[in-house]
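Residue-level structure breakdown
Spelled out from the first residue to the last, the chains are:
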Amino acid sequence: MKNIKIKINNKEIVCSSEQTIMQVAKKNNIDIPGLCNHSDFSVKANCRVCVVEIIGRRNLATSCSTKVEDGMEIKTDTERVNKARNLNIELIFAEHIEKCPNCIWRVNCQLLDLAKKYKIKINRFKDRKSKRKIYKFANAIEIDGSQCIDCRNCLDACSFMQNINYLQLVGKGTTQEVVPVGKDGCIYCGQCAVHCPVGAAQEQTHWEMVEKALKDKGKIVVAQFVPQISASIGEEFGLSYDKNSTSQIVSGFRQLGFNYVFDVNLGADMTIKTEAEDLLKRLIKKEKKLSMFSSCCPAWVKYVEFYRSEFISNLTKARSPHINNGGFIKTYLAEQLKIDTKKIIVVSIMPCTAKKFEITRQELKINNNFPVDYVLTTRELAWLFKKNNIEFGKLKNSLVDSLRNNDNITNVCSVNGGVMGAVLCKMQDLLCDEKKIINVLDFKDVNGLVGVKEAKIKIADKILRVAIINGIGNIKQILDKVEDYDYIEVMACPDGCVGGGGQPIPTTFEIRQKRLISLFGHVVK
Amino acid sequence: MDILSKIKQADLVGRGGACFSVAKKWEAVKNVISDKKYIICNASEGEPGIVKDGFIIEKYPERLIDGIKIAIDFLSLDSSKIKAYLYINNKYYKKYYKKLSQSIGNLPIEIFVKQSGAGYIGGEESSLLNAIEHKRIEPRLRPPFPTTSGLWGCPTLINNVETFYNVSLVNSGEYRNSRFYTIGGDCFNNGVYYLSDNFTIQEILEKTNNIPDFPFFVQVGGNASGEILNSSQLKESVGGAGSITIFSLEKYQNKKFIENLLEFFVNESCGKCTPCREGSFRLNEIIKSEKVDWQLFFDLIENLSETSFCGLGSALAAPIKSFIKNVYPQINEKY
Ligand code: SF4
Ligand code: SF4
Ligand code: SF4
Ligand code: SF4
Ligand code: FES
């Protein structure tokens, strides 16, 4: 890598030659808009919105795909550039049917921002996609063809990132369309949605139902949420990460009209206990198969069920924290408060789209009731705040309601070894009389596999071989040597739930790292 | 003299339409160090109005295969390190399969039939790489260029049928600066002719006895992407893939002519980039509307040649712009 000198809009800039024009511009606070470029994926250069003029070159160049060269002179705002860029934005706008009034992307809509900033004429063309289908994947994800702008990020997410390959591009030219492959096979991870610039791929929203329940005087509506949303929701309101927003979120819930607000710590404790016992049974009593797989992540569970059913019995039967928590609310709390369970509506607020699917699983029912009624994503929550003029960032602090008397702090679930760490501690507890703090797990990256870490750990006289996988894209390589591990935790999304499919847009590698730091104060190794 | 010097001396240019220097391409592929290299002879001939590659395959299959063999020998003497594909459209394949296999014998040349539906873009050089790799048929981002990273990431030499034919002639000292012209449309003596490559359009039409006795215009270099000239502009030589199509002014000086062109491009757009996918669709809408918004029409055309991902975009601009300019400038007064 060598340093070179270039000029953008007459401003001299020293930069490394390995970067694209867009990257250099961004670093230097020069705005070049683009709709198809995403740093999680390789460059596609298909929207043609990011065009710039390079002095001495005949054609305009797309800045996302053109590397800087020594002495390059770039103009980002000449008349020629403006004309081309604006026309391409207009063309894209014209193939996207706006459904703004109820679109959660409106919280931070790139398309509306661009239209406004560049004063795009938006009425010259007729909608051409009004007859496009909406494809629904269970109750979790949908792809609305009438809103798709053909950027192909969802395909990259589903194929290159997750290696699920459930989406495909059919047709060509204006008949080109993103469609699902077959009836079943989506794992509901929502990576397509969190990478879609315009909400064409998105979660199937529950906020309408939640709003209705909140207005219903006969209902007791309960919110329960996980820490990952407090690490990211501030992004939707342009706030910095250092503001821990948990207590703000709580008062936001109260303003929205939730009757109770809980964290899921109690549920997490239950998960951890069951999971530790399960592991113990497998390990010592050899009752069930090793290796044991975590089952916190519903996308991972769905993956095993659909693609690798030979491993179903490897999944721990422990329920995920919010399901346990919801069950507790609907049984214990209902009894305490003497309310009819039917009147309680439990809403989980999650960084996750797959949880929407999880809550509909029949086998989770308790006394014929689903433990959780609705799942809102982080995006839906931000949308509800905006919609109700709740000024996030200016709210008074508020504490969660308590589900038990002395609420001791639980390990954060579902982030980088959160569950696994806690389960191993619990194992230690169950195995030994003396309470010993377990050594910090010394995880090592597995060569060549992004998001895969492994460790060996001694508990009592057992050496446990464990692995943590954040991002399901590399799972095959691990399942191929499953006998090398006793215990495997898998989170389907890159970097775990901080990169979940229900998180704010944009979600990129850098942003996921920032969220991790804000959750743990440092990057978890 | 080695083959590269001979090609340089003959100043061969690619006959697929882009007219890129053959020697430069060959050198570029030769100079990359790689365990595997590929050669592709492009016999997809997808441009409407051009049939000269089919003509060569029919008449001179041994010459064509000889040209490919020369390229194979030039790039590597070790046959495990090199493989050639003859990428051919289905129609030609059916017609000439026997002849070609006979000429190929046991050379490392595989015939690859262009998929049905690969369309116009299936002949574009980076799209045909995708076709052979069984990927979605559409152009690739460049750089890297096929010469350094082509088929399965290996250096790949892609030339057209006529180019390989010329290489064979150059090698045996028989090349005479001639090229194949496809002549068609409203004329009596249509067909493929082999004539000097510096003749003007006028001269070619005279030599082939094809000067119309009615008012006409011509499209040169392909019926989709070729430039359109009126009958007083025939002093130019023939560009692109070497075709002249004659149109009767009376029959074709109308808006329908543009509509047909646009129809073609709308159907052939691969869908990858905004200006081509959306632009050609909107152009088609505009031209069919009662009151044509000419300002927007030309803005969209300009935008296509300025910002489209591959050459298809500018390929659309040339014929439409030149048709309006050279043949039908009064169109905007009528619609
Ligand atoms: S993404 Fe949503 S908010 Fe933005 S323009 Fe489309 S419908 Fe409107
Ligand atoms: S939710 Fe995940 S698996 Fe389903 S289509 Fe989207 S990216 Fe693919
Ligand atoms: S669904 Fe969204 S991400 Fe996928 S191609 Fe359409 S606009 Fe892009
Ligand atoms: S990793 Fe987290 S956010 Fe992603 S699907 Fe699994 S539980 Fe949901
Ligand atoms: S961002 Fe560069 S072409 Fe889309």
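1. Thoughts on the overall build of chain B
Along the backbone of chain B there are 14 helices and nine strands. Against the compact-globule benchmark of 20 Å for 335 residues, chain B has a radius of gyration of 20 Å, which places it among compact chains. If one aligns the C-alpha atoms of chain B with their principal axes, the spans along those axes are about 65 × 45 × 35 Å. Counting only contacts in chain B whose residues sit at least 6 apart along the sequence, the fraction spanning at least 24 positions is 66%. Of the roughly 13900 Å² of accessible surface on chain B, a fraction of 50% belongs to carbon and sulfur atoms. The distance from the centre of the 39 positive side-chain charges to the centre of the 38 negative ones in chain B is 5 Å.

2. Let's talk about the site of ligand 1
In the vicinity of ligand 1, the contacting residues are His96(A), Glu98(A), Lys99(A), Cys100(A), Cys103(A), Trp105(A), Arg106(A), Cys109(A), Leu112(A), Gln147(A) and Val198(A). Its residues placed into classes, the shell around ligand 1 shows six nonpolar, two polar and three charged.

3. Remarks on the pairing of strand S6 (residues 191–196) of chain B
All names here are of chain B. As paired elements, strand S5 (residues 178–185) and S6 share six bridges and run antiparallel to each other. The partner of Ile183 across the bridge, within S6, is Gly191. If you look at the hairpin formed by S5 and S6, you'll find five residues sitting between the two strands.

4. A short note on the sheet that holds strand S10 (residues 201–203) of chain A
All names here are of chain A. An order of S6-S7-S10 is seen for the three strands of this open sheet, with the pairing classed as antiparallel. Bordering the open sheet on either side are strand S6 (134–137) and S10, each of which pairs with just one other strand. Strand-to-strand, the axes of this sheet are offset by a mean angle of 20°, without reference to chain direction. Alignment of strand S7 (residues 141–144) against S10, held across three bridges, turns out to be antiparallel.

5. Quick look at the packing of aromatic side chains
Here the structure, examined in full by the defined rule, presents 41 aromatic pairs over all chains. Plain terms: the ring middles of Phe247(B) and Tyr252(B) are 5.1 Å apart, the flat faces sit at 80° to each other, and that makes the pair edge-to-face. With a relative accessible area of 10%, Phe247(B) lands in the buried category. Pairwise contacts between aromatic rings join Phe293(A), Trp300(A), Tyr303(A), Phe306(A), Tyr307(A) and Phe311(A) into one cluster. The positively charged end of Arg85(A) is found above the aromatic ring belonging to Tyr118(A), 4.0 Å away from the centroid. The side chain of Lys30(B) reaches across the aromatic face of Phe74(B), ending 4.8 Å from its centre.

6. A look at the state of the cysteines
All names here are of chain B. Throughout the structure, instances matching the rule amount to zero disulfides over all chains. No disulfide involves Cys270; its sulfur sits 6.2 Å from that of Cys310, the nearest cysteine. For Cys270, a relative accessible area of 8% gives the class buried.

7. So, the site of ligand 2
Around ligand 2 sit Phe137(A), Ile141(A), Cys158(A), Ile164(A), Tyr166(A), Leu167(A), Cys186(A), Ile187(A), Tyr188(A), Cys189(A), Gly190(A) and Cys192(A), and those are all the residues in its vicinity. Residue composition of the shell around ligand 2, grouped by class: eleven nonpolar, one polar and no charged.

8. A closer look at the environment of Leu280(A)
Residues and elements named next belong to chain A. Structurally, Leu280 can be placed in helix H9 (residues 265–285). Among the residues examined, Leu280 registers a relative accessible area of 17% and is labelled buried. Sequence separation between Leu280 and Gly56 is 224 residues, and the spatial gap between their C-alpha atoms is 70 Å. Among residues more than four places away in sequence, those in contact with Leu280 are Lys285, Met427, Leu430 and Leu431.

9. Remarks on the side chain of Arg152(A)
Inspection of the secondary structure assignment puts Arg152(A) in the loop between S7 and helix H4 (153–161). For Arg152(A), a relative accessible area of 9% translates into the label buried. With residues near it in sequence (within four places) discarded, Arg152(A) still touches Lys44(A), Asn46(A), Leu169(A), Gln176(A), Arg136(B), Glu138(B), Gly271(B) and Lys272(B).

10. Overview of the interface of chain A and chain B
With 33 residues of chain A at the interface, the matching set in chain B holds 30 residues. For the chain A face of the interface with chain B, the top three residues by lost area are Arg48(A), Leu91(A) and Lys172(A), together amounting to 22%. Of the charged contacts in the structure, one is a salt bridge between Lys83(A) and Asp299(B), with a shortest N-O distance of 3.2 Å. Connecting chain A to chain B are 20 residue pairs in polar contact (both at pLDDT 80 or more). Looking at the side of chain A that touches chain B element by element, the count peaks at eight residues for helix H2 (residues 79–94) of chain A. Considering only residue class, the side of chain A that touches chain B consists of 14 nonpolar, eight polar and eleven charged.

11. A short note on the domain arrangement of chain A
Residue and element names in this part refer to chain A. According to the domain assignment, chain A consists of domain 1 (3–91), domain 2 (119–203) and domain 3 (273–317 + 411–499). The distance between the C-alpha centroids of domain 1 and domain 2 comes to 27 Å. Contacts between the two partners involve 13 residues from domain 1, matched on the other side by 14 residues from domain 2. Taken as a group, Leu35, Phe41 and Glu90 account for 51% of the area that domain 1 buries against domain 2, more than any other trio of residues on that side. Close ionic contact of Glu90 with Arg124 constitutes a salt bridge, the shortest N to O distance being 2.8 Å.

12. With respect to the sheet that holds strand S12 (residues 260–263) of chain A
All names here are of chain A. As summarised here, the arrangement of the four strands in space is S12-S11-S14-S15, forming an open sheet in which the pairing is parallel. Each of the sheet's edge strands pairs with one partner strand only, and the pair in question is S12 and strand S15 (374–377). Averaged over all pairs of adjacent strands, the angle between strand axes in this sheet comes to 25°, irrespective of strand direction. For strand S14 (residues 344–350) and S15, the ladder comprises four bridges, and the chain directions are parallel. Following the sheet pairing, Met350 is matched in S15 by Thr377. Across the sheet, helix H6 (residues 207–215) lies against strand S11 (220–225), S14 and S15, angled at about 120° from S15, the strand it touches most. Each of S14 and S15 touches helix H13 (residues 378–387); the most contacted strand, S15, lies at about 80° to it.

13. Describing the domain arrangement of chain B
All names here are of chain B. Domain parsing of chain B yields domain 1 (3–171), domain 2 (178–248) and domain 3 (254–334). Measuring from the centre of the C-alpha atoms in domain 2 to the corresponding centre in domain 3 gives 23 Å. Tallying the contact residues gives twelve residues for domain 2 and eleven residues for domain 3. Here domain 2 packs against domain 3, burying approximately 830 Å² in sum over the two surfaces, 69% of which is carbon and sulfur. In this assembly, domain 2 and domain 3 are joined by zero salt bridges. On inspection of domain 2 and its partner domain 3, the count reaches four residue pairs in polar contact (both at pLDDT 80 or more). Its residues placed into classes, the side of domain 2 that touches domain 3 shows five nonpolar, six polar and one charged.

Cut-offs used in this document
Along every chain, residues carry numbers that run from 1 in the direction the sequence is written. Whichever chain is written first becomes A and whichever ligand is written first becomes 1, with later ones labelled in order. Local features in this predicted model are restricted to residues of pLDDT 70 or higher, and side-chain atom pairs are both shown and tallied only at a pLDDT of 80 or more, whereas totals for entire chains, interfaces and linings draw on every residue. The side-chain figures draw on all heavy atoms in the structure; neither hydrogens nor water molecules are used. Working definition: helices are DSSP H or I runs of at least four residues, strands are E runs of at least two. Numbering for both runs from the N terminus. Radius of gyration: over C-alpha atoms. The globule rule applied is 2.2 Å multiplied by the number of residues raised to the 0.38 power. Whether two residues touch is decided by their heavy atoms; if any such pair falls within 4.5 Å, the residues are in contact. Here the accessible surface of atoms and residues is derived via Shrake-Rupley with a 1.4 Å probe, and residues count as covered only by protein chains that are part of the display. We score Asp and Glu as negative and Lys and Arg as positive, and we do not count His or the chain ends. Just so you know, the charge point we use is NZ for Lys, CZ for Arg, CG for Asp and CD for Glu. What makes a residue near a molecule or strand is one non-hydrogen atom of that residue sitting within 4 Å of it. Nonpolar residues are Ala, Val, Leu, Ile, Met, Phe, Trp, Tyr, Cys and Pro. Charged residues are Asp, Glu, Lys and Arg, and all others, Gly as well, are polar. Note: two strands are recorded as paired if DSSP finds a minimum of 2 bridges between them. Here an angle of 0 to 180 degrees is reported between the N-to-C directions of two axes, which are lines fitted to C-alpha atoms, with helices fitted over the stretch in contact. Whether two aromatic rings pair depends on their centres lying within 6.5 Å, for rings of Phe, Tyr and Trp, where Trp uses its six-membered ring; planes under 30 degrees apart make the pair stacked, over 60 edge-to-face, and the rest tilted. Only protein chains enter the calculation, and the probe is 1.4 Å; a residue is then buried if its accessible area is under 20% of its type maximum, exposed if over 50%, and partly exposed in between. Placement of a positive charge over a ring is assigned whenever Lys NZ or Arg CZ falls within 6 Å of the ring centre and within 35 degrees of the normal to the ring plane. Note on terminology: pairs of cysteine sulfur atoms within 2.5 Å are recorded as disulfides. Summed over both partners, buried area is the accessible surface (1.4 Å probe) that two parts give up on being assembled. Any Lys or Arg side-chain nitrogen found within 4 Å of a carboxyl oxygen on Asp or Glu counts as a salt bridge. In protein, a polar contact requires one atom able to donate a hydrogen and another able to accept it; more generally it is a pair of N or O atoms within 3.5 Å, and residues adjacent in sequence count only if both atoms are side-chain atoms. Where each domain starts and ends comes from a domain assignment, either automatic or drawn from a database.

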